[in-house]
Amino acid sequence: MMNGETQRQTNWVGAWYAAPSRMFSANLSGRTLRQIVHLHAGGTQLRLRLSNRYGDAPVMLSSLSVGPVLQGPVALPGVQAVRFAGQPTVTLEPGQDVVSDPVSLHVKAFSDLAITFFLAQGESLTGHMSAQQTSYVSGPGDVTAVPAEASFFVYPLQTLSWWLITGIDVVPSTPLNAVVAFALRRLRASARRPMPTSAGLIIWLAA
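Residues numbered from 1 in each chain as written. Predicted model: local features only at pLDDT ≥ 70, side-chain atom pairs only at ≥ 80, totals over all residues. Heavy atoms only, no water.

### Regarding the overall build of the protein
Put simply, the rule reads: For helices the rule is a DSSP run of H or I covering at least 4 residues; for strands it is a run of E covering at least 2, with both sets numbered from the N terminus onward. Contact definition: two residues touch when any of their heavy atoms are within 4.5 Å. Per-residue and other accessible areas were derived by the Shrake-Rupley procedure at a 1.4 Å probe size, with only the shown protein chains allowed to occlude residues.
Each helix and strand in the protein was counted, giving two helices and 18 strands. Considering only contacts within the protein whose residues lie at least 6 apart along the sequence, 80% involve residues at least 24 apart. Carbon and sulfur atoms make up 57% of the accessible area of the protein, which totals about 9900 Å².

Quick look at the structure:
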């Protein structure tokens with residue numbers, strides 16, 4: 001695991017981002033979420049950003065992982081566990097944003113990534129309403145250990161929003177060029193194309 005000084009020295013770039021906002025309760029506590037995001041940059045390591053910025057109470061997540069997507073909720077081999085300060089669980093206090101430890105996983109630009117976790121405690125009131133990409137929710141229970149071939153059965157529910165996740169950073173394997181765009185309205189890097197969402201400055205990265 002990298003220490004804080006090493007992480008600061010690493011050349012992290014944003015591969016995906018969704019501005020967090022207040023969400024209505026969807027009764028996700030006690031369920032497993034497999035959320036799909038579309039990366040706009042590739043690399044050899046990644047880290048996951050989570051947020052409980054608009055939550056009213058602590059939220060505890062466990063069994064966190066990331067991995068490449070085959071189709072729908074089915075992940076390809078190579079799924080990697082995500083840890084926070086070396087721990088397999090993380091508790092987000094109300095208003096808190098957190099960044100994971102680095103994960104060694106080679107990801108390609110313009111590929112889909114599955115972010116999976118069990119919402120062990122609390123309710124998800126922070127997210128991004130209009131993801132324009134389908135993610136998946138289980139019935140009650142932690143189903144993260146279920147084999148990939150059973151994914152369609154254990155994730156019967158679908159959502160077009162993202163919950164508690166706000167970003168993926170990567171360490172690029174090759175230098176990236178940046179295009180900087182200033183905006184007077186909200187912008188974001190959507191699942192497939194630029195769409196309105198986070199005020200201010202956007203940086204597009206391309207190989």
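### Some thoughts on the packing of aromatic side chains
Heads up, the condition is: Each Phe, Tyr or Trp ring, with Trp reduced to its six-membered ring, pairs with another whose centre is within 6.5 Å; inter-plane angles below 30 degrees give stacked pairs, above 60 give edge-to-face pairs, and intermediate values give tilted ones.
Under the defined criterion, the tally for this structure stands at one aromatic pair. Consider the rings of Trp 16 and Trp 162, whose centres lie 5.0 Å apart with planes at 80°: the pair is edge-to-face. One end of the pair, Trp 16, is in strand β1 (residues 13-17); the other, Trp 162, is in strand β15 (residues 162-163), with 146 residues separating them in the sequence.

### Some points on the sheet that holds strand β12 (residues 126-128)
Our working rule: When DSSP finds two or more bridges between a pair of strands, those strands are recorded as paired.
Within the open sheet, the three strands sit side by side as β2-β12-β15. Their pairing is antiparallel. Bordering the open sheet on either side are β2 (21-22) and β15, each of which pairs with just one other strand.

### Regarding the side chain of Thr 159
How we decide: Relative accessibility thresholds used throughout: buried, under 20% of the residue-type maximum; exposed, over 50%; partly exposed, between the two (1.4 Å probe, protein chains only). Two N or O atoms form a polar contact when they lie within 3.5 Å of each other; inside protein one atom must be a possible hydrogen donor and the other a possible acceptor, and for residues adjacent in sequence the pair counts only when both atoms belong to side chains.
Along the chain, Thr 159 falls in strand β14 (residues 157-159). For Thr 159, a relative accessible area of 12% translates into the label buried. Of the polar contacts made by the side chain of Thr 159, one reaches the backbone nitrogen of Ser 161; its length is 3.1 Å. Excluding residues that lie within four positions of it along the chain, Thr 159 makes contacts with Gln 133, Thr 134, Ser 135, Tyr 136 and Val 137.

### Side note on the pairing of strand β11 (residues 112-121)
Strand residues, when the strand is regular, have side chains that alternate between the two faces of the sheet. The buried fraction of β11 is high, at seven of 10 residues. Alignment of strand β3 (residues 31-38) against β11, held across seven bridges, turns out to be antiparallel. Across the sheet, residue Ile 36 finds its bridge partner in β11, namely Ala 114. Judged from the seven bridges that link them, strand β5 (residues 59-71) and β11 form a sheet pairing that is antiparallel. Counterpart to Ser 65 in the pairing with β11 is Thr 116.

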